[in-house]
2 protein chains.
Amino acid sequence: MPHTAPRLARIEPFHVMRILGEAQALAASGRDVIHLEVGEPDFPTPQPVIDAGIAALQTGKTFYTGACGLPELREAIAGFYRERLGAAVTADRVIVTPGASGALQLILALLVGRDDEVLLTDPGYPCNRHLVSLLEGRPVNIPVDARSNFQLTPELIRSHSSARTVATLLASPANPTGTVLDVDEIKILQDVCNQNQQQLIVDEIYQGLVYDSPHTTALTASDQLFVVNSFSKFFQMTGWRLGWLVAPEWAVADLEKLAQNLFLAPPTTAQHAALAAFRPDTLAILEQRRQELQARRNYLQHALGQLGLIVQARPEGAFYLWLDCRRFTNDAEQFARELLHAEAVAVTPGRDFGDQGSAYSIRIAYSQPINRLEEAITRIGRHLRNYCAAA
Amino acid sequence: MPHTAPRLARIEPFHVMRILGEAQALAASGRDVIHLEVGEPDFPTPQPVIDAGIAALQTGKTFYTGACGLPELREAIAGFYRERLGAAVTADRVIVTPGASGALQLILALLVGRDDEVLLTDPGYPCNRHLVSLLEGRPVNIPVDARSNFQLTPELIRSHSSARTVATLLASPANPTGTVLDVDEIKILQDVCNQNQQQLIVDEIYQGLVYDSPHTTALTASDQLFVVNSFSKFFQMTGWRLGWLVAPEWAVADLEKLAQNLFLAPPTTAQHAALAAFRPDTLAILEQRRQELQARRNYLQHALGQLGLIVQARPEGAFYLWLDCRRFTNDAEQFARELLHAEAVAVTPGRDFGDQGSAYSIRIAYSQPINRLEEAITRIGRHLRNYCAAA
Ligand SMILES: Cc1ncc(COP(=O)(O)O)c(C=O)c1O
Ligand SMILES: Cc1ncc(COP(=O)(O)O)c(C=O)c1O
């Protein structure tokens, strides 16, 4: 085997792909699989956005744009912050990227030198720790649980910081738990980061998908933190690969040169299409869908609890429930595989998201219509009964 | 100024953006600017590809695909190698990426650990050395000139290799020179790399844009090298951000896990559109355009020579001429700026491409129709006469 970079030993594949592969094979063999494992909304991209994409193609918008994106899109994003979220963001602080993935990579490439440390939650979004490893930095995975609603606290940040810590990366709403930090909490965490010469990065990719609190942004707390966002989730444009970041002024020129070298530019048609994402007709569609997601969450949270699958974090946002399955298993991967083969319901075992509680946790994405969720609950209930009867 | 990663000091912005900015300001003020500075063909994406993209949007192809791309696109790319280029490539060795940019990043992330060295040509494509720095590796920029047709030779590779050298990265056809290596030459270079425990990466992004030799691929030389390619240049899909790589079998699983974590997936609509790129009607359009580029090259090479601007490399491919302007200047950046302001012709000063000869070299992209190139020649001729008269 030829030599590869040592970082490869620290970077893991998405383990859920094995479950997904088995689920696809089952579906191909004729089984009616209910997919609750995929981290994307089941809604198609809103029609006004599709139409704008088609119009862009019809008018030959197929050339490179500048590395930071179309000026009018940067302005539209800044306007969204100002008008809808009350944050004084200017267009020059907005950089359009290939997904939130691209935004996370740019910010980490700016901040993380070799052996520099980045504080992360465990459980958390799997790519984060691997992006830190890519850059030869060290992810510091901080175990979190229900006591802090699966988020970081000032104490956790302080006690895990070292002279090498350069950044703390949070998500609100979070993946896989759906928990939310309010702006006051973020402000406090930012002050702690600043006292420790760290930057705070807030991943707001699930922004807007909140059910118990108003739609807010960390940017109302400060213009000195980094915010990551995307058209993938709230705007339901996953396959378009378009996101953005908002940076403090001082960081923009460096981020731009990184964007030039890493990506050249974000996708052009997607950028033209995204100009329609902020239109009132699009936002009305998205608000309807948010309400639909809320109804699904309410239904599932209750129904799963009835079955003895406990939602271990307050799922105030995103479209995930993080379940404690200890009553039934201490091997969530095995449990997920059995559920798939017995009842054709696909869920994500905890392992991808970290070590903390992952052996007994699964993530359920409520990315199916209510009637399918009802069917899923019937199947899961039957499985658990058979499971207990067999044990 | 807050702490940033030390690599930022080694990563440069695209200096040509300053010229581009000035050119855009001139155009906005009403001047008729001739753009010979941009690295993309002036042709719009071929209509069958546009139509396939529109159809994909109309049928709701807006969700994530797998990290390595649509199976049918991987198969279509492999089929292109087998049927058109005579290389026995299987679909599982093809990974679809966000541009050649994404492919270069994946391969380097696989191979380059901290302080590992990668051999590159100087002049060469600017992003390569910065992608190596991103990963905490060390780019080794090897000065090349007309003696080796601006490509590496076995002697150059041997004399610049060290125990830390993990890869050699070439481009054929090359940017900024347009020079081409034939398959026999590549085979020899690969043998040298292998003797030195290095991997060979061949960037074939300008494949198919060749004017004096048949359309070939390094993959006919060996299945143990890495090939980078893209829909950007030959297929004229720059803004779609879609490329691919072909890897040796042993590397595929590791590249897939990197792709999952870095990008999640390449853009979906672009992938569906690209399925139409290999159709006979598309390929017929592209062949016509290739002939048009050849005619432009022939015209410009002759006309620039007449003006005393010497094409210093054999421009057998891509759409670039690498000019020696020593008769007129030793400050190519100043020269480019004066040409822009005096005659509204925009060209790229050598600096972005490296140090070797860059003070007196400029790159001209023949990405304008012949009648515009004729006008450019008239203007450049006038400028050079005034320039010499003033000196
Ligand atoms: C928390 C979080 N951040 C970032 C991303 C990346 O998304 P994208 O690159 O599609 O914007 C995801 C995707 O699932 C996510 O869950
Ligand atoms: C030699 C070379 N490689 C790679 C690229 C990246 O192109 P893309 O990411 O659009 O495929 C370019 C673009 O100009 C190039 O010239």
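Predicted model only: the values in this text are computed from it and were never measured.

## Details of the interface of chain B and chain A
So, step 1. On the chain A side, the residues contacting the 69 residues of chain B number 69 residues.
So, step 2. Summed over both sides, the interface between chain B and chain A buries roughly 5900 Å², with carbon and sulfur atoms accounting for 60% of that surface.
So, step 3. Considering only the side of chain B, the residues that lose the most area to chain A are Tyr-64, Arg-114 and Asn-261 of chain B, jointly responsible for 13% of the buried surface there.
So, step 4. Arg-114 of chain B serves as the salt-bridge partner of Glu-136 of chain A, at 2.9 Å between the closest nitrogen and oxygen.
So, step 5. For the side of chain B that touches chain A, the element with the most residues is helix α8 (residues 252-263) of chain B, which contributes seven residues.
So, step 6. Classifying every residue of the side of chain B that touches chain A by side-chain character gives 39 nonpolar, 18 polar and 12 charged.

## Let's talk about the UniProt feature "domain: Aminotransferase class I/classII large" (unreviewed entry) in chain A
So, step 1. On the UniProt side, "domain: Aminotransferase class I/classII large" (unreviewed entry) is annotated at positions that read residues 32-380 of chain A here.
So, step 2. The annotated region residues 32-380 of chain A carries 40% helix and 16% strand content, and the separation between its end C-alpha atoms amounts to 14 Å.

## Notes on the relation of the copies chain B and chain A
So, step 1. It takes a turn of 180° to lay chain B on chain A, together with a shift of 0.0 Å along the axis; the resulting RMSD is 0.0 Å. Taken together, these values place the two copies in the relation of a two-fold axis.
So, step 2. A high fraction, 100%, of the interface residues of chain B reappear at the interface in chain A, so the copies pair face to face through one surface.

## Topic: the site of ligand 2
So, step 1. The immediate surroundings of ligand 2 are formed by 15 residues, with Tyr-64 of chain A together with Ser-101, Asp-203, Ser-230 and Ser-232 of chain B found nearest.
So, step 2. Ala-100 of chain B places a polar main-chain atom, nitrogen or oxygen, 2.7 Å from an oxygen atom of ligand 2.
So, step 3. The separation between an oxygen atom of ligand 2 and a polar side-chain atom of Tyr-206 of chain B is 2.7 Å.
So, step 4. Calculation on ligand 2 without its partners gives an accessible area of 400 Å², and the protein chains cover 97% of this total.
So, step 5. With four residues, the single largest contributor to the shell around ligand 2 is helix α4 (residues 99-111) of chain B.

## A word on unusual backbone geometry
So, step 1. Put simply, Asp-122 of chain B and Pro-123 of chain B share a cis peptide bond, and its omega is 5°.
So, step 2. In this fold, Pro-123 of chain B is placed in the loop between β3 (117-122) and α5 (126-134).
So, step 3. The omega torsion of the bond from Ser-172 of chain B to Pro-173 of chain B falls at -10°, within 30 degrees of zero and hence cis.
So, step 4. If you trace the backbone, Pro-173 of chain B turns up in the loop between β5 (165-171) and α7 (183-195).
So, step 5. Even without glycine at this site, Ala-344 of chain A takes up a positive phi of about 60°.
So, step 6. Structurally, the position occupied by Ala-344 of chain A is in the loop between α11 (332-343) and β11 (345-346).
So, step 7. Note on Ala-344 of chain A: relative accessible area 3%, which makes it buried.
So, step 8. A positive phi angle, near 65°, is found at Asp-115 of chain B, a position not held by glycine.

## Some points on helix α12 (residues 370-390) of chain A
Residue and element names in this part refer to chain A.
So, step 1. Between the first and last C-alpha of α12 there are 30 Å, a value that for 21 residues agrees with the 30 Å anticipated at 1.5 Å per step.
So, step 2. Taken together, the buried positions of α12 are Leu-373, Ala-376, Ile-377, Arg-379, Ile-380, Gly-381, His-383 and Leu-384.
So, step 3. Contact partners of the buried residues in α12: β1 (34-35), α10 (280-306), α11, β11 and β13 (361-365).

## Notes on the packing of aromatic side chains
So, step 1. Scanning all chains against the criterion turns up 28 aromatic pairs over all chains.
So, step 2. On the basis of an interplanar angle of 85° and a centroid distance of 5.6 Å, the ring pair of Tyr-206 of chain B and Phe-319 of chain B is categorised as edge-to-face. Note that Tyr-206 of chain B is positioned in the loop between β6 (199-203) and β7 (226-230) and Phe-319 of chain B in the loop between β9 (310-311) and β10 (320-324), a separation of 113 residues in sequence.
So, step 3. Through successive ring pairs, a cluster of aromatic residues spans Phe-80, Tyr-81, Phe-231, Phe-234, Phe-235, Trp-244 and Phe-278 of chain A.
So, step 4. One cation-aromatic arrangement involves Arg-326 of chain A over Tyr-360 of chain A; the distance from NZ or CZ to the ring centre is 3.9 Å.

## Some words on helix α1 (residues 16-28) of chain A
Every α-helix carries 3.6 residues per turn, so stepping three or four residues along brings you back to the same face.
All names here are of chain A.
So, step 1. With 13 residues, α1 extends 18 Å between its outermost C-alpha atoms, agreeing within 8% with the 18 Å of an ideal straight helix rising 1.5 Å per residue.
So, step 2. Looking only at α1, the buried set comprises Val-16, Ile-19, Leu-20, Ala-23 and Leu-26. Seen end-on, α1 carries its buried residues on one side only, within an arc spanning 120°.
So, step 3. Elements in contact with the buried residues of α1: β1, α11, β11 and β12 (348-349).
So, step 4. With its phi angle positive at about 105°, Gly-30 sits one or two positions after the end of α1.

## Remarks on the environment of Glu-22 of chain B
Residue and element names in this part refer to chain B.
So, step 1. Note on placement: Glu-22 falls in helix α1 (residues 16-28).
So, step 2. The sequence separation of Glu-22 and Val-118 amounts to 96 residues, and the corresponding C-alpha distance is 35 Å.
So, step 3. Discounting residues that sit within four places of it in the chain, Glu-22 has contacts with Arg-337, Leu-340 and His-341.

Definitions and limits used
- Within each chain, residues carry numbers counting from 1 in the order of the written sequence.
- Chain A is the first chain written and ligand 1 is the first ligand written, with later ones labelled in order.
- With the structure being a predicted model, the display of local features is reserved for residues of pLDDT at least 70 and the display and counting of side-chain atom pairs for 80 or more, all residues being used for whole-chain, interface and lining totals.
- Only hydrogens and water are set aside when side-chain values are computed; all heavy atoms of the structure are taken into account.
- We call two residues in contact whenever any of their non-hydrogen atoms come within 4.5 Å of each other.
- Buried area counts how much accessible surface, traced with a 1.4 Å probe, disappears from two parts once they are put together, with both parts' losses summed.
- Any Lys or Arg side-chain nitrogen located within 4 Å of an Asp or Glu carboxyl oxygen qualifies as a salt bridge.
- Secondary structure elements are taken from DSSP: a helix is a run of H or I of four residues or more, a strand is a run of E of two residues or more, and numbering for both begins at the N terminus.
- Charged means Asp, Glu, Lys or Arg here, nonpolar means Ala, Val, Leu, Ile, Met, Phe, Trp, Tyr, Cys or Pro, and polar covers whatever is left, Gly included.
- UniProt positions are given in the numbering used here, feature names are shortened, and annotations may be inferred rather than shown by experiment.
- Alignment of the copies relies on least squares applied to C-alpha atoms, considering only residues that score at least 70 for pLDDT in both.
- Only a single heavy atom is needed: when it lies within 4 Å of a molecule or strand, its residue is near that molecule or strand.
- Whenever two N or O atoms come within 3.5 Å, that pair is a polar contact, provided that in protein one can donate a hydrogen and the other can accept it, and provided that, for residues adjacent in sequence, both atoms are side-chain atoms.
- To measure how exposed things are, a 1.4 Å probe is used in the Shrake-Rupley method; for residues, cover is taken only from the protein chains shown.
- Partly exposed residues are those whose accessible area sits between 20% and 50% of the maximum for their type, while under 20% is buried and over 50% is exposed, using a 1.4 Å probe and protein chains only.
- What a helix should span is 1.5 Å times the count of its residues minus one.
- Stacked, tilted and edge-to-face are the three classes assigned to paired rings of Phe, Tyr and Trp, where Trp is represented by its six-membered ring and a pair needs centres within 6.5 Å; plane angles under 30 degrees give stacked, over 60 edge-to-face, the rest tilted.
- Think of it as a cone above the ring: NZ of Lys or CZ of Arg counts as a charge over the ring if it is within 6 Å of the ring centre and within 35 degrees of the ring normal.
- The arc refers to the directions leading from the helix axis to the C-beta atoms.

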